[in-house]
Amino acid sequence: METWRIVATVLLAVAGVPLALAVMAKTRDRVNDSGQVAIAGAVTLTGLIVVAVLTLTVLPGLVTWIVVAVVAAAVGVLMLAS
């Protein structure tokens, strides 16, 4: 496996975990229902896992780095907005 795929996946995971936590916090602020918070967290983490597997296996390099940049930007925006 290429090293750049592993590096991109690690960066995606490092940015994705705070993204999932921020989504869960925003959901808690809006609905104040622990069930909805758990669903939001599960959906976010499932999406993150699917994208990470695709990053490790089939996505081309340009698409992979664009996805990593978008996730990192989304984390930055969510952290600044809170």
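Residues numbered from 1 in each chain as written. Predicted model: local features only at pLDDT ≥ 70, side-chain atom pairs only at ≥ 80, totals over all residues. Heavy atoms only, no water.

**Student:** Help me out: how do you make sense of the pattern of salt bridges in this one?
**Tutor:** Opposite charge on two side chains makes pairing possible when the charged atoms of those side chains draw close. Per the stated rule, a full pass over the model turns up two salt bridges. Between Glu2 and Arg5 there is a salt bridge, and its shortest N-O distance comes to 3.0 Å. Using a relative accessible area of 10% as the deciding quantity, one classes Arg5 as buried. (Salt bridge = Lys/Arg side-chain N within 4 Å of Asp/Glu carboxyl O. Buried < 20%, exposed > 50% of the residue type's maximum accessible area, 1.4 Å probe, protein only.)

**Student:** Would you mind going over the UniProt feature "transmembrane region" (unreviewed entry) in the protein chain with me for this structure?
**Tutor:** Mapped onto the present numbering, the UniProt feature "transmembrane region" (unreviewed entry) falls on residues 6–25, 37–56 and 62–81. As annotated, residues 6–25 has a helix share of 100% and a strand share of 0%, and its two end C-alpha atoms lie 29 Å apart. Between the end C-alpha atoms of residues 62–81 the distance is 28 Å, and the span holds 100% helix and 0% strand. (UniProt positions renumbered as here; feature names shortened; annotations may be inferred. Helix = DSSP H or I, 4+ residues; strand = E, 2+ residues; numbered from the N terminus.)

**Student:** Mind showing me how you'd approach helix α2 (residues 34–57) here?
**Tutor:** Because an α-helix completes one turn every 3.6 residues, residues spaced three or four positions apart along the sequence face the same direction. With 24 residues, α2 should cover 34 Å at 1.5 Å per step; its first-to-last C-alpha distance of 35 Å lies within 8% of that length. Restricting attention to buried positions, one finds in α2 the residues Val37, Ala40, Gly41, Thr44, Leu48, Ala52 and Thr55. Buried residues along α2 sit against α1 (3–31) and α3 (61–81). (Expected span 1.5 Å × (residues − 1). Contact = heavy atoms within 4.5 Å.)

**Student:** Help me understand the packing of α1 against α3 in this model?
**Tutor:** Each pair of packed helices can be summarised by the angle the axes make with each other and by the distance between the axes. Packing of α1 against α3 leaves a shortest axis separation of 9 Å and a crossing angle of 30°. Taken together, the axes of α1 and α3 lie roughly parallel to each other. Of the two possible hands of crossing, α1 and α3 adopt the one that is left-handed. From α1, Trp4, Val7, Ala8, Leu11, Leu12, Ala15, Gly16, Pro18, Leu19, Ala22, Val23 and Lys26 reach across to α3, where they touch Gly61, Thr64, Trp65, Val67, Val68, Val71, Ala72, Ala74, Val75, Leu78, Met79 and Ala81. When grouped by side-chain class, the residues that make up the contact of α1 with α3 number 20 nonpolar, three polar and one charged. (Axes fitted to C-alpha atoms, helices over the stretch in contact; angles between N-to-C directions. Parallel < 35°, antiparallel > 145°, perpendicular 65-115°, else oblique. Left-handed = near helix turned anticlockwise from the far one by under 90°. Nonpolar A, V, L, I, M, F, W, Y, C, P; charged D, E, K, R; others polar.)

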